[in-house]
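Single-letter residue listing:
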Number of protein chains: 2
Amino acid sequence: MSGEQQFQNLSLDPAVQQMLAKAKEKNIPTVWDRYEQMQPQCGFGETGLCCRHCLQGPCRINPFEEGSQTGICGATADVMVARGLDRAIAAGTAAHSGHAKHLAHTLFKMTQGQAKDYKIKDPIKLKKVATRLNIAVDDRDDNDIARDVALAALADFHEKDTPVMWAAGVVTPGRVKVLSDLGIVPKGIDHEVAEIMHRTLYGVDADPVNLLLGGLRCSVADLAGCYMGTDLADILFGTPTPLVTSANLGTLKTQSVNIALHGHNPVLSEMIVKVAEEMKDEAIQAGADRINVVGICCTGNELMERHGIPSCTHSVSQEMALLTGAVDAMIVDYQCIMPSVANVAECMGTKVITTMDICKITGAEHIEVRDETASENARQAIRQAIAVFKTRKNKKTDIPNITNTVVAGFSTESIIAALSKLNADDPLAPLVDNIKSGNIKGVCLFAGCNNVKIPQDINYITMAAKLLKENVLVLATGCGAGSLMRHDFMDPAKTKELCGDGLYAVLNAIGEANGLGGPLPPVLHLGSCVDNSRAVEITVAIANYLGVDINQLPVVASAPEPTSEKAISIGTYAVAAGLPTHIGVVPPVTGSALVTTILTQTVKELTGGYFIVEPDPDKAADTLLAAINERRRGLGLD
Amino acid sequence: MSGEQQFQNLSLDPAVQQMLAKAKEKNIPTVWDRYEQMQPQCGFGETGLCCRHCLQGPCRINPFEEGSQTGICGATADVMVARGLDRAIAAGTAAHSGHAKHLAHTLFKMTQGQAKDYKIKDPIKLKKVATRLNIAVDDRDDNDIARDVALAALADFHEKDTPVMWAAGVVTPGRVKVLSDLGIVPKGIDHEVAEIMHRTLYGVDADPVNLLLGGLRCSVADLAGCYMGTDLADILFGTPTPLVTSANLGTLKTQSVNIALHGHNPVLSEMIVKVAEEMKDEAIQAGADRINVVGICCTGNELMERHGIPSCTHSVSQEMALLTGAVDAMIVDYQCIMPSVANVAECMGTKVITTMDICKITGAEHIEVRDETASENARQAIRQAIAVFKTRKNKKTDIPNITNTVVAGFSTESIIAALSKLNADDPLAPLVDNIKSGNIKGVCLFAGCNNVKIPQDINYITMAAKLLKENVLVLATGCGAGSLMRHDFMDPAKTKELCGDGLYAVLNAIGEANGLGGPLPPVLHLGSCVDNSRAVEITVAIANYLGVDINQLPVVASAPEPTSEKAISIGTYAVAAGLPTHIGVVPPVTGSALVTTILTQTVKELTGGYFIVEPDPDKAADTLLAAINERRRGLGLD
């Protein structure tokens, strides 16, 4: 094996392979090296059979030993596994909703004149969201409406007598009833997180079914956090509309001041994009041709969907961006930022800048960013990047000459707008009719991360390829979107090749009607992880249109390469919403046959959704297709 | 070794030893058996060097391996340990404050006429709390004041611009400044819990110092939850005043319907006590002499301090109550209830009844208790106990003939009232003067649990004995109080024997002045775990009286045998409050020299408090004495 080929078992992205070769040559350890060193991983942790929830432990249960073992307190394997899963759901929920809460504060401060760098970018979305929240919009100033929306958002974190509005208000009426009957409508987002932490304490909940119902309720709070995150970002920064851009490491430019924005929240990154434009001259004075802002992970998706900012790379390959030697500053907010970036950056001369109070990294520089001073903070950070560029400009870089064309920016609103070119009076009709006719067999949402345990992207592209050929409409978010975009699945030039005839016809008709002179891309980029809400919104719109509930639709979800606890909470709310939900990495639940059975079978009787745990992407695609077909039959479709 | 002596290495309580002999004879496994089976415990978990916060893991770091190891993401040992500690603090905070939130709802519903079984028992405390919260009290109806207090309590869970009132309003002004300067004044209790879950997610906070500051802030929210729990329980059920009662397994009675109330929250248990009185005749008709309600763990402490209900046993020996064969029903709310009680109960014919939505136990019966129907629910539960008694009444029981006399019920209010008999105009003067003179060298609060790793009670009694002899005033809460009461440390007959001359003189003077004809007990029982707030209140009162901050006082805290994550959060807020704080079980932090150093040394420069980790109780007592003496010198006292 020569060159980069030896890295094919690590990543399917040729750009990443090139950087892995460089890392090896330069002896810079990456996540794959650390993964190898960690082998064998602890079997107790892998199966969920260890517990550190009290100081009498740690406890673990040997699944291969005879007899009914328990932890020291008497917790069974079932309890241990369910408690662990619940805490993961709580963490995921806290993260998404922390991001949303941040946006709510920014929006509120804006309405108070305290965050002058921010404006209402999309007043139409503002009014749409306000109306859903029963906030008056007629004859009112946008600023006043925005204040009420922000306050409603902040109120959704509190426990109250009424349900979380961003949960109960965004699903079908039938789903509200299903969730209410199960007692899993959340009362307040932070309240649910805290309640999970309480019930998973030593000596509290010791009934695995009760624990799992608690986890389901918390996951519905996670849906609320995600949905709120999307709504508020759209209001502040604009609702995405389709645009053409590019992805992969080739989007870095040797002659430019390269700034990689990494993390999740658009609050700061939007400012950096804006200020970078204004600071162009400073960069030119420093010898650069311009400031080249690129994205990593979901901050990248947020900027891509709204501004066409290129996505440099995603998830497990984040260190690879640094290995090019071309990144002058990696500016991060929070979530999914490997602490190792500080070390790799040091080797490569990149400056890592942290910006949020709750996310500092040893070895990185910290700039205390505030909504009130956001553009000035952005300026500070960019100035640092320019300073690094000055010392870097005459040095060799190793930027893989690989970019992929991406059409991104599919919000619910932009999809409906595109469909309305086919039927202005009834825009959902063309979509629903094609589902009925079988041109579109069903819909699959790909979400989640890459995971070092899986050759990067292999599950995504294997599954998406198969589903597209079977005329399944594929949506993607987060690093799932990142994965597919780096393999041309968002390039309209590939639609014909990748899609089955029925699906192609639909995508082409929409594209032609919208004056694109060709089809939509094979996979629709819905945005970041919180933008899974867009998939929920579309699904709910279809369900309401048909007068059915979500669990009857031929819609499925998949996180083929999940890593973050956020993927667990998202997957769980997909199940609560009624979707067959695939995960391609076995989560730490296999230590409990009961929990595994509940999650993969029993829960179907409760919510209609269920987990499909299948590491083999071929089989996973087949199982999802079978689920789609089962749903089609249920609706009387072929 | 004959009889029970062979169990001395498991528990120092002779009643427990008798039951351990029975368990062995009957081959019923207990927590000590499960602990033995769990040996050796996982060294990674013990040192905090494992992480399951994402699906790329589990990761672990071998502390004995050369080189700088990290998790797969690059998290160092320092980060891993700090993240784990933070999540434990979040869990403890969620539990205490969940309990307080429950009480706030009950109080609010009462004011709305929806929880008719509840009344304002202590209007003086109500007004005291309201005044502290800046709620008007003059010329207002108690019900209206109570409504405002309940709403203020519920509001403290929300993130808001103002600090958590039950935190910032209950410490010294100097302490508020210290906490503010460190950025660790909590904004909302649930908010802080959620923020910890966010920042400990994969790829968020990777700076151990920042993580620990976050943990400290969350722990201050835990103080708020505890304090609120005490305040609201006092309002609803009365502020304790000293009373004489008894403890240990001998408080169970063969001829009575024995009901053991286990858990933490007085909301239901108060109703059971009340209704049990009314249902006496039903018990007599069933052949019993009466209904004998006893407590276990903090539910026991809550009932003991307010009603003199005997405490049956505590913490690690909870299964022993069942082994007597005399408990007809164990009715539990939440926290510290070993799931194993369901199994032991089944062997012994006891019915375990769970009552709270978030705490069910496989094998137990569940009664859905609501504030609105509390007395009816209590009746249901008691009826079950009577039914069990009918089948049990002619069977042999094995109740150890061991009871201990206990004087309990020392609230801040009752202590001040007692002191006012010495100086009506300036009640704190006698206490402070005796501290100044050295009659009282200092104050030590014992809190926390028993832990199966330590021969039950040995650390408590070794340390308390030593400190009392050195004229340290000893306060105790929770299962710490339980431990000391089962060894006669709350029996006034032992005051002379156990205390140094100076301390004895003070306790005797107070007792005599209050017409007791003798001294107060050697150790003052302040109540349950949440009632650590009472120790804070007393400490703050002394500090304010002297015009100094908490970190200058000769006051220390100790959790000699901690188990629950609540003990970790309590210990952490004691450190945040400025107290030298001993723990007798090594928490999972030793995998990080940095974290260990920060918690035991560096933090002293920030808050004045610090952790003392010392498993040897003799050495621990010496270290606390040294800390007390250091503080005395700082104040210019001998």
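Above this text is the structure in question.
Per-chain numbering applies: the sequence of each chain, read as written, is numbered from 1 onward. By the order in which they are written, chains take letters starting at A while ligands take numbers starting at 1. Given that this is a predicted model, residues contribute local features only at a pLDDT of at least 70 and side-chain atom pairs are listed and counted only at 80 or more, while totals for whole chains, interfaces and linings are drawn from all residues. Only heavy atoms go into the side-chain values, all of them from the structure, while hydrogens and water stay out.

A few points about the overall build of chain A
Note on conventions: DSSP H or I runs of at least 4 residues are helices, E runs of at least 2 residues are strands, and numbering of each starts at the N terminus. Secondary structure summary: chain A contains 26 helices and 16 strands in total. Put simply, the radius of gyration uses C-alpha atoms, and a globule should come to 2.2 Å times the residue count raised to 0.38. Taking 2.2 N^0.38 as the reference for a compact globule, 638 residues should give roughly 26 Å; the C-alpha atoms of chain A span a radius of gyration of 24 Å, in line with that estimate. Taking the principal axes of the C-alpha coordinates as reference, chain A spans close to 65 × 60 × 55 Å. Whether two residues are in contact is decided by their heavy atoms, any of which lying within 4.5 Å being enough. Considering only contacts in chain A between residues 6 or more positions apart, those separated by 24 or more positions represent 76%. Computed with a 1.4 Å probe, the accessible areas rest on the Shrake-Rupley method; for each residue, only the protein chains presented here act as cover. Accessible surface computed for chain A: about 20,100 Å², of which carbon and sulfur atoms make up 51%. By the counting rule applied here, Lys and Arg register as positive and Asp and Glu as negative, while His and the ends of each chain are not counted. Each charge is placed at NZ for Lys, CZ for Arg, CG for Asp and CD for Glu. Both charge centroids of chain A, one from 56 positive and one from 72 negative side chains, sit 3 Å from each other.

Regarding the pattern of salt bridges
Any two side chains of opposite charge can pair if their charged atoms end up close together. The salt bridge criterion pairs a side-chain nitrogen of Lys or Arg with a carboxyl oxygen of Asp or Glu, the two atoms within 4 Å. Following the criterion strictly, the structure yields 86 salt bridges over all chains and no others. With its nearest N and O atoms 3.8 Å apart, the salt bridge here joins A:K125 to A:D231. Here A:D231 lies in helix 10 (residues 208-237) and A:K125 lies in helix 5 (residues 123-132), a separation of 106 residues in the sequence. A single burial state applies to A:K125 and to A:D231, both of which are buried. With a shortest N-O distance of 2.4 Å, B:K396 and B:D398 are connected by a salt bridge. Relative accessible area decides the class of each residue, using a 1.4 Å probe on protein chains only: under 20% of the type maximum gives buried, over 50% gives exposed, and in between gives partly exposed. By relative accessible area, B:K396 is classed as exposed at 64%. The class for B:D398 is partly exposed, based on a relative accessible area of 22%.

Description of the nonpolar core
Burial of nonpolar side chains together is a common tendency in soluble globular proteins. Nonpolar cores are built from buried Ala, Val, Leu, Ile, Met, Phe, Trp, Tyr and Cys residues. Side-chain atoms within 4.5 Å join them into one set. Counting residues in hydrophobic clusters, the biggest one holds 474 residues, and the most contacted among them are A:V149, A:W166, B:V149 and B:W166. For this core, the element with the highest residue contribution is helix 4 (residues 77-111) of chain B, accounting for 18 residues.

Regarding the packing of aromatic side chains
Here the aromatic set is Phe, Tyr and Trp, taking the six-membered ring for Trp, and pairing holds for ring centres within 6.5 Å; pairs whose planes are under 30 degrees apart are stacked, those over 60 apart are edge-to-face, and all others are tilted. Counted by the stated rule, this structure contains 4 aromatic pairs over all chains. Look at B:Y118 and B:F237: their rings are 6.1 Å apart centre to centre, the planes differ by 65 degrees, and that puts the pair in the edge-to-face class. With B:Y118 in the loop between helix 4 and helix 5 (123-132) and B:F237 in helix 10 (residues 208-237), this pair connects stretches of sequence that are 119 residues apart. With respect to burial, B:Y118 and B:F237 carry one shared label: buried. Over the ring of A:F157 we find A:K101, and its NZ or CZ is 4.9 Å from the ring centre. Counted as over-ring charges are cases with an Arg CZ or a Lys NZ within 6 Å of the ring centre that also lie within 35 degrees of the ring normal.

Let's talk about the relation of the copies chain B and chain A
Fitting of the copies onto one another was done by least squares over C-alpha atoms, counting residues only where both copies have pLDDT of at least 70. Taken as rigid bodies, chain B and chain A are interconverted by a rotation of 180 degrees and an axial shift of 0.0 Å, the fit giving an RMSD of 0.0 Å. Here the two chains are linked by the operation of a two-fold rotation axis. A share of 100% of the interface residues of chain B reappears at the interface of chain A, consistent with the copies meeting face to face through the same patch.

Concerning the environment of B:C59
One can find B:C59 in strand 2 (residues 59-60). Accessibility expressed as a relative area gives 7% for B:C59, which makes it buried. For the pair formed by B:C59 and B:T254, sequence separation is 195 residues and the distance between their alpha carbons is 53 Å. Leaving out residues up to four positions away in the same chain, B:C59 has contacts with A:M38, B:L49, B:C50, B:C51, B:G71, B:I72 and B:M80.

Topic: the sheet that holds strand 14 (residues 555-559) of chain B
All names here are of chain B. Pairing is parallel across the open sheet formed by 6 strands, whose spatial order is 13-12-11-14-15-16. Each edge of the sheet is formed by a strand with only one pairing partner; in this case those strands are strand 13 (523-527) and strand 16 (610-613). Strand-to-strand, the axes of this sheet are offset by a mean angle of 25 degrees, without reference to chain direction. Bridge count for strand 12 (residues 472-477) against strand 13 is 4 bridges, and the pairing is parallel. What sits directly across from A476, in strand 13, is H525. Axis lines are fitted through C-alpha atoms, for helices just across the contact stretch, and the angle between N-to-C directions can take any value from 0 to 180 degrees. Along the sheet, helix 23 (residues 532-546) makes contact with strand 11 (442-446), strand 12, strand 13 and strand 14, crossing strand 13 at roughly 115 degrees. At least two bridges found by DSSP between two strands is the condition for calling them paired.

Focus: the environment of A:P29
Residues and elements named next belong to chain A. Examined against the element boundaries, P29 turns out to sit in the loop between helix 1 (14-26) and helix 2 (31-37). According to the relative accessible area criterion, P29 is partly exposed, its value standing at 47%. Residues P29 and C59, spaced 30 residues apart in sequence, show a C-alpha to C-alpha distance of 33 Å. Excluding anything up to four places from it in sequence, P29 contacts R34, E319 and V344.

Comments concerning the packing of helix 13 (residues 297-307) of chain B against helix 20 (residues 478-485) of chain B
Residues and elements named next belong to chain B. The contact between helix 13 and helix 20 brings their axes to 8 Å, and the two run at 75 degrees. By the criterion of interaxial angle, the relationship of helix 13 to helix 20 is roughly perpendicular. Between helix 13 and helix 20, the residues in contact are C297, C298, N301 and M304 and G478, C479, A481 and M485, respectively. Here roughly perpendicular refers to angles of 65 to 115 degrees, roughly parallel to angles under 35, roughly antiparallel to angles over 145, and oblique to all remaining angles.

Describing the sheet that holds strand 15 (residues 580-583) of chain A
Residues and elements named next belong to chain A. Ordered by their spatial adjacency, 6 strands build an open sheet running 13-12-11-14-15-16, and the pairing between neighbours is parallel. Two strands in the sheet have a free side with no partner beyond their single neighbour: strand 13 (523-527) and strand 16 (610-613). Averaged over all pairs of adjacent strands, the angle between strand axes in this sheet comes to 25 degrees, irrespective of strand direction. Where strand 14 (residues 555-559) meets strand 15, 3 bridges bridge the pair, whose relative direction is parallel. Within strand 15, the position partnered with A559 by the bridge is I583. Sheet strands in contact with helix 19 (residues 458-469) are strand 11 (442-446), strand 12 (472-477), strand 13, strand 14 and strand 15, and its direction is about 165 degrees off that of strand 11.

Here we look at the interface of chain B and chain A
With 85 residues of chain B at the interface, the matching set in chain A holds 85 residues. Carbon and sulfur atoms supply 59% of the area buried between chain B and chain A, which totals about 7,000 Å² over both sides. Run the count over chain B and chain A and you get 2 salt bridges. Close ionic contact of A:R87 with B:E565 constitutes a salt bridge, the shortest N to O distance being 2.9 Å. As used in this structure description, the phrase polar contact means that two N or O atoms lie within 3.5 Å; if the pair is within protein, one of them must be able to donate a hydrogen and the other to accept it, and residues adjacent in sequence are counted only when both atoms belong to side chains. Linking chain B with chain A are 53 residue pairs in polar contact (both at pLDDT 80 or more). Elements supplying a minimum of two residues to the side of chain B that touches chain A: helix 2 (31-37), helix 3 (43-47), strand 2, helix 4, helix 9 (189-199), helix 10 and helix 24 (565-577) of chain B. It is helix 4 of chain B that contributes the most residues to the side of chain B that touches chain A, 11 residues altogether. For the side of chain B that touches chain A, the residue count by class is 41 nonpolar, 27 polar and 17 charged. Accessible area that two parts lose when put together, evaluated with a 1.4 Å probe and summed over both, is termed the buried area. Here the nonpolar group is Ala, Val, Leu, Ile, Met, Phe, Trp, Tyr, Cys and Pro; Asp, Glu, Lys and Arg are the charged ones; every other residue, Gly included, is treated as polar.

Details of helix 4 (residues 77-111) of chain A
All names here are of chain A. A helix is expected to span 1.5 Å multiplied by its residue count minus one. Between the first and last C-alpha of helix 4 there are 51 Å, a value that for 35 residues agrees with the 51 Å anticipated at 1.5 Å per step. Taken across its 35 residues, helix 4 has 30 buried, putting it largely inside the fold. Of the residues flanking the end of helix 4, it is G113, one or two places downstream, whose phi is positive at about 75 degrees.

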